[in-house]
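Inside the fold
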Amino acid sequence: MHLPDLNVAKDRTKKENIYIDLNENYNKVFSNKKYFLRTYGCQMNVHDSEQIRHYLETLGLKSTDKIEEANIVVLNTCAIRENARDKVVGFLGKCKYLKKNHEDFKIILTGCMSEQPDFIELIQKKHPYVDVVIGTHNIHQLPKLLINNNPKQDIEVYSNSDEVIENIQYARDSKISAWVNIMFGCDKFCTYCIVPYTRGRERSRKPEEIIKEVKDLKKNGYKEVTLLGQNVNAYGKDIGEKFSDLLEKVAQTGIERIRFVTSHPWNFTDEMIDVIAKYKNIMPYIHLPIQSGSNEILKRMNRRYTKEEYLELFNKMKKKINNVSITTDIIVGFPGETDKDFQETLDVVRKCEFDGAYTFIFSPREGTPAAKMKDNISLKEKEKRLHELNEVVNYYANKSNQKLLNKTLDVLVTGVSDKDNNKLCGYTEGMKLVNISGPKDIIGSIVKIKITDAKSFSLDGEYVDER
Ligand code: 5AD
Ligand code: SF4
């Protein structure tokens with residue numbers, strides 16, 4: 001991909017002088033100021049926002065959810081689907097207006113869009129009032145950029161940096177469940193996907209650094225860690241390590257719950273399944289995107305497995321891991337998808353009876369091979385397929401939830417329910433959301449909950465007091 005030259009820092013030696021020691025007394029500069037942070041996209045972005053929040057708060061800024069009150073607005077963007085850009089551009093319009101009446105107002109863009117050359121060009125040409133664009137590889141430079149306070153537009157995007165930064169600090173959203181990055185980037189190059197271009201090559205963190213982070217989290221009272229990677233089970237290939245070994249070491253820290261997302265079927269080994277089955281604190285939950293049930297489409301997606309291979313892996317997991325929940329991602333309307341191909345997808349959903357699925361209409365992403373493939377399916381047809389798929393997906397999600405009715409399950413209570421403030425919410429081992437009737441002091445604990453109602457997307461339950 002081509003990066004526009006203007007202002008874009010391609011010289012990686014430049015980064016040396018851009019680190020700052022946040023222990024210095026910088027927070028005076030920013031005390032009395034507020035920030036507004038909006039995050040789009042996946043868990044990786046959510047976790048990056050925790051890093052951004054740490055920097056802003058260490059510099060003395062306070063969070064606000066009223067953008068009009070903010071001095072710094074940070075937008076952490078996602079590029080996975082096309083309509084995301086319209087949302088960001090719409091939001092920038094609002095920021096531009098606010099900036100006109102506010103002399104102390106900075107706009108910062110980061111996330112996957114900031115790694116897209118055509119987006120950078122758009123910001124340079126049409127949105128000069130944006131103060132900083134910072135890439136996904138170099139978020140750690142944000143404090144320095146804020147302190148430098150460059151009156152001109154600053155574009156700091158070190159695309160394809162193979163650097164792995166350790167010891168990153170986070171202002172975590174939860175005190176109960178924590179994200180832990182174990183690797184960055186993706187080497188798979190699925191033909192529809194922008195991620196390998198925006199997040200760069202696969203790079204793994206050192207196992208000892210990951211274990212240190214998990215141990216610290218445990219010491220600080222965290223009950224759950226979710227190991228994060230675009231392709232989490234490809235961990236370690238670049239540094240001669242194995243995901244199964246890492247998983248085992250994380251399990252041996254004794255942290256109560258371990259999860260990991262997202263797994264690629266191609267990288268799932270028997271050893272991984274055995275480790276998951278062996279340790280009680282590794283949750284029996286696997287998110288295993290299939291994307292399509294048609295071998296022809298899978299081939300054109302460059303997914304590296306067939307429907308039959310996926311089913312074999314799926315059945316092995318079901319057999320070896322007690323009560324495992326498996327969810328998936330599915331794309332409909334990939335270029336050239338025939339009705340027969342689509343029926344194969346429905347067939348695989350019926351065979352697997354997934355606990356849940358995220359379903360998407362194919363969205364062409366500029367710069368990816370699939371964007372150039374001939375796409376002769378109408379939007380109406382794609383919407384029809386999505387609707388039909390969702391009906392089947394929801395039927396099986398509901399069916400798997402109904403099986404839990406009247407059972408008493410271990411649930412990690414994570415907080416107050418979004419929908420009903422009188423209720424709490426939490427997750428079963430199989431990652432089912434439960435709305436709970438129970439006392440507030442169970443928040444942060446793993447407790448027994450009796451399931452009283454089951455819907456397609458959540459369960460209702462009552463706290464079983466064993467105290
Ligand atoms: N169009 C539609 N869906 C996509 N995904 C990734 N790229 C695209 C695209 N171009 C979906 C995949 C992936 C999930 C995170 O988003 O299903 O697993
Ligand atoms: Fe995208 Fe495929 Fe990598 Fe997932 S595995 S991030 S879908 S390229």
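All values derive from a computational prediction rather than experimental measurement.

For the rest of this paragraph, the subject is the sheet that holds strand β13 (residues 325-332). Here we have 3 strands laid out as an open sheet, ordered β12-β13-β14, and parallel in their pairing. Strand pairing shows two members of the sheet lacking a second neighbour, β12 (285-287) and β14 (356-361), which therefore form its edges. Between one strand axis and the next, the sheet turns through 10° on average, direction left out of account. With 6 bridges connecting them, β13 and β14 associate as parallel partners. Counterpart to T327 in the pairing with β14 is G356.

The subject of this paragraph is the site of ligand 2. As a structural note, the neighbourhood of ligand 2 is formed by C186, K188, F189, C190, Y192, C193, V195, P196, N231, H264 and R303. Its residues placed into classes, the shell around ligand 2 shows 7 nonpolar, 2 polar and 2 charged.

Turning our eyes to something else, we now look at the domain arrangement of the chain. The domain boundaries assigned to the chain delineate domain 1 (2-156), domain 2 (177-402) and domain 3 (408-463). Each of domain 2 and domain 3 was reduced to a C-alpha centroid, and the two centroids are 25 Å apart. In this complex, domain 2 contributes 16 residues to the contact, which on the side of domain 3 involves 17 residues. Here domain 2 meets domain 3 over a buried area of about 1,400 Å², counting both sides, of which 49% is carbon and sulfur. Our enumeration of links across domain 2 and domain 3 arrives at 1 salt bridge. Where D355 meets K432, a salt bridge forms, and the shortest distance between an N and an O atom there is 2.8 Å. For the pair domain 2 and domain 3, the number of links is 13 residue pairs in polar contact (both at pLDDT 80 or more).

Under the counting rule described, the total for this entry stands at 32 salt bridges. Across the pair K399 and E353 runs a salt bridge, and its minimum N-O distance is 3.2 Å. Of this pair, K399 sits in helix α13 (residues 379-402) while E353 sits in the loop between α12 (339-352) and β14, placing them 46 residues apart in sequence. When its relative accessible area of 29% is taken as the criterion, E353 is described as partly exposed. We note a salt bridge from K455 to D460, for which the minimum N-O separation is 3.2 Å. On the basis of relative accessible area, K455 is assigned to the partly exposed category, the value being 36%. The exposure class assigned to D460 is buried, which follows from its relative accessible area of 13%. In the salt-bridge network here, residues are joined through shared partners; they are E166, R172, R205 and E213.

Another point: the site of ligand 1. Looking at ligand 1, the residues that line it are I80, R81, Y192, Q291, D329, I331, F360, I361, F362, S363 and R365. Residue Q291 places a side-chain N or O atom 2.7 Å away from an oxygen atom belonging to ligand 1. S363 has a polar backbone atom sitting 2.7 Å from a nitrogen atom of ligand 1. Protein coverage of the free-state accessible area of ligand 1, which is 400 Å², stands at 86%. Contributions of two or more residues to the shell around ligand 1 are made by β13 and β14. Class assignment of the residues belonging to the shell around ligand 1 gives a composition of 6 nonpolar, 2 polar and 3 charged.

Relative to the helices and strands, S456 is located in the loop between β18 (446-454) and β19 (459-463). A polar contact is formed between the side chain of S456 and the side chain of N398, at a distance of 3.3 Å.

What the rule picks out here adds up to 10 aromatic pairs. When the centroid spacing of 6.2 Å and the interplanar angle of 20° are considered together, the rings of F36 and F91 count as stacked. Of this pair, F36 sits in strand β1 (residues 34-39) while F91 sits in helix α3 (residues 83-100), and the two are 55 residues apart along the sequence. Of the two residues, F36 and F91, both sit in the buried class. Here the aromatic rings of Y310 and F314 are separated by 6.4 Å at their centres, their planes lie at 25°, and the arrangement is stacked. Here F314 and Y310 lie together in helix α11 (residues 307-320), a separation of 4 residues that amounts to about one turn.

Attention now moves to the pairing of strand β4 (residues 106-111). Burial analysis of β4 places 6 of its 6 residues in the buried class, which makes it a mostly covered element. Taking every second residue as pointing to the same face, both faces of β4 are buried, with K106, I108 and T110 on one and I107, L109 and G111 on the other. Looking at chain direction, strand β3 (residues 72-77) and β4 are connected through 6 bridges and run parallel. Bridge pairing in β4 places V74 opposite I108. Note: β4 against strand β5 (residues 132-134), 2 bridges, orientation parallel. Looking at β5, one finds that I108 is bridged to V132.

Here α3 contains 18 residues, and its C-alpha end-to-end distance of 27 Å stays within 8% of the 26 Å for a straight helix at 1.5 Å per residue. Residues of α3 that are buried include every one of A84, R85, V88, F91, L92, C95 and L98, and no others. Each buried residue of α3 lies within a common arc of 130° when the element is viewed along its axis, so the set occupies one face. Exposed residues on α3 whose side chains face more than 90 degrees from its buried face are D86, Y97 and K100.

Pairing between sheet strands relies on hydrogen bonds along the backbone, with the strands arranged either parallel or antiparallel. With respect to topology, 3 strands assemble into an open sheet ordered β7-β10-β11, the strand pairing being parallel. Of all the strands in the sheet, just β7 (177-181) and β11 (257-261) have a single pairing partner and so form its edges. With direction set aside, neighbouring strand axes in the sheet form an average angle of 25°. The strands that helix α8 (residues 243-252) touches are β10 (224-228) and β11; relative to β11, the one it contacts most, it runs at about 155°.

What counts and what doesn't
- Once a new chain begins, its residue numbering starts again from 1 and follows that chain's sequence as written.
- All chains are assigned letters beginning at A, and all ligands numbers beginning at 1, according to the order in which they are written.
- Whole-chain, interface and lining totals are the exception, using all residues; otherwise, since this is a predicted model, local features are given only for residues with pLDDT of at least 70 and side-chain atom pairs are given and counted only at 80 or more.
- Hydrogens are left out, water is left out, and the side-chain values use all remaining heavy atoms of the structure.
- Two strands are counted as paired when DSSP detects at least two bridges linking them.
- Numbering goes from the N terminus for both helices and strands, where a helix is a DSSP run of H or I of at least four residues and a strand is a run of E of at least two.
- An axis is simply a line fitted to the C-alpha atoms; with a helix, the fit covers only the stretch in contact. Between two such axes, the angle follows the N-to-C directions and lies from 0 to 180 degrees.
- Each residue is tested against the molecule or strand, and it is near if at least one of its non-hydrogen atoms lies within 4 Å.
- Under this grouping Gly is polar, as are all residues other than the nonpolar Ala, Val, Leu, Ile, Met, Phe, Trp, Tyr, Cys and Pro and the charged Asp, Glu, Lys and Arg.
- All domain edges in this entry derive from an automatic or database-based domain assignment.
- Contacts: residue pairs with any heavy atoms within 4.5 Å of one another.
- Once two parts are brought into contact, the accessible area they lose, counted with a 1.4 Å probe and summed over both, makes up the buried area.
- Salt bridge criterion: a side-chain nitrogen from Lys or Arg within 4 Å of a carboxyl oxygen from Asp or Glu.
- Here a polar contact means two N or O atoms within 3.5 Å. Within protein one must be a hydrogen donor candidate and the other an acceptor candidate, and residues neighboring in sequence count only if both atoms are side-chain atoms.
- Buried residues are those whose accessible area, probed at 1.4 Å on protein chains only, stays under 20% of the maximum for their type, while exposed residues exceed 50% and partly exposed ones sit between those limits.
- Values of accessible area rely on a 1.4 Å probe in the Shrake-Rupley scheme; residue burial ignores everything except the protein chains shown.
- Stacked, edge-to-face and tilted labels apply to pairs of Phe, Tyr and Trp rings (six-membered ring for Trp) whose centres lie within 6.5 Å, assigned for plane angles under 30 degrees, over 60, and everything in between, in that order.
- To estimate the expected span of a helix, count its residues, drop one, and scale the result by 1.5 Å.
- Starting at the helix axis, one direction is taken to each C-beta atom, and the arc is that of these directions.

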